[in-house]
Amino acid sequence: MEPAPSKLLPTRNEPRVNARTQESILIDIPSHKRPVGTKAAERSCLVSGEALPKLALLRFVVSPDGVLVADLEWSLPGRGMWVRPTLLREAIGRRLFSRAHGGVVGVPEGFLDSLERLLRARAMNYLGLARRAGQAVAGFDQVRDVLSKGIVGSVVSARDGALGGRNKIRRAANRVPVVEVFDGTELSAAMGKENVVHVVVAPGKFAQEIIRHADILDCLRPKDVPKVDADLSVAV
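Residues numbered from 1 in each chain as written. Predicted model: local features only at pLDDT ≥ 70, side-chain atom pairs only at ≥ 80, totals over all residues. Heavy atoms only, no water.

Engineer: Could you give an account of the packing of helix α4 (residues 140–148) against helix α5 (residues 163–173), naming the residues involved and the relevant values?
Structural biologist: At a minimum axis separation of 9 Å, α4 and α5 run at an interaxial angle of 15°. As the angle between them shows, α4 and α5 are arranged roughly parallel. In this structure, α4 crosses over α5, and the sense of that crossing is left-handed. Note on element contacts: α5 touches α4 through G165, K168, I169, A172 and A173, opposite F140, V143, R144 and L147. Of the residues contributing to the contact of α4 with α5, the split by class is 6 nonpolar, 1 polar and 2 charged. (Axes fitted to C-alpha atoms, helices over the stretch in contact; angles between N-to-C directions. Helix = DSSP H or I, 4+ residues; strand = E, 2+ residues; numbered from the N terminus. Parallel < 35°, antiparallel > 145°, perpendicular 65-115°, else oblique. Left-handed = near helix turned anticlockwise from the far one by under 90°. Contact = heavy atoms within 4.5 Å. Nonpolar A, V, L, I, M, F, W, Y, C, P; charged D, E, K, R; others polar.)

Structure below.
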């Protein structure tokens, strides 16, 4: 049985962001979320040298045995090395982690695949938490109904869903971020029901984290980067 759309009870208007622009949601924390007189904490990207908000970057550390580890919680001990998601392959190809660490840093076999699986699992965990908190509603008609009423945090549509239905949801969403990087099986598992294609999430942390993780996943897709080794299971 579908959760009632009335459970989506946002407390205030959230700024809407174009989720289709890479790294758009990663660049800043909305000003109304920060304490007065402060700005988002920044770190320098290992590749570009840009000072960017931490939300726009991925943090990596080196384990005691010299292996690169992704620290998505920003909590692991050791010197953090921060990289824009779009530049991660370049950082590995140019062996910038070894240079910054001052010694050889190894990349486990299948490192990028493991990172993608971890990001996908974390995003779907946030979707499951939203469902249990009454902040997520599934179903084509239910999603369109909620969108018609106004304030929405994000829409998540299965990338393998019917194109016609996804186009209709995009049009109904207007400026609401629409995430399309997860499969229907992933959405179904997170929502605890079969054949889930469209989900709407209320404004707040859950919607923001789902968008952020989806943006990172999109940024991690292979790009045409010169001089990047195809085999990433090497020292970097």
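Continuing now.
Engineer: Describe the nonpolar core, with residues and values.
Structural biologist: Proteins that are soluble and globular tend to have nonpolar side chains buried together. Core analysis: the biggest nonpolar cluster contains 53 residues, and F60, F97, L127 and F182 have the highest contact counts within it. Looking at which element gives the most residues to this core, the answer is helix α3 (residues 111–132), with 9 residues. (Core = buried A, V, L, I, M, F, W, Y, C linked by side-chain atoms within 4.5 Å. Buried < 20%, exposed > 50% of the residue type's maximum accessible area, 1.4 Å probe, protein only.)

Engineer: Could you give an account of the pairing of strand β3 (residues 58–62), with specific residues and numbers?
Structural biologist: Within β3, 5 of the 5 residues are buried, which leaves the element mostly enclosed by the surrounding structure. Because side chains alternate across β3, one face comprises the buried residues L58, F60 and V62, and the other comprises R59 and V61, equally buried. Pairing of β3 with strand β5 (residues 81–83), which is carried by 3 bridges, proceeds in the antiparallel orientation. Along β5, the bridge assignment pairs R59 with W82. Relative to strand β4 (residues 68–70), β3 runs antiparallel, the two sharing 3 bridges. (Pairing = 2+ DSSP bridges.)

These results come straight from atomic positions and should not be treated as a statement about function.
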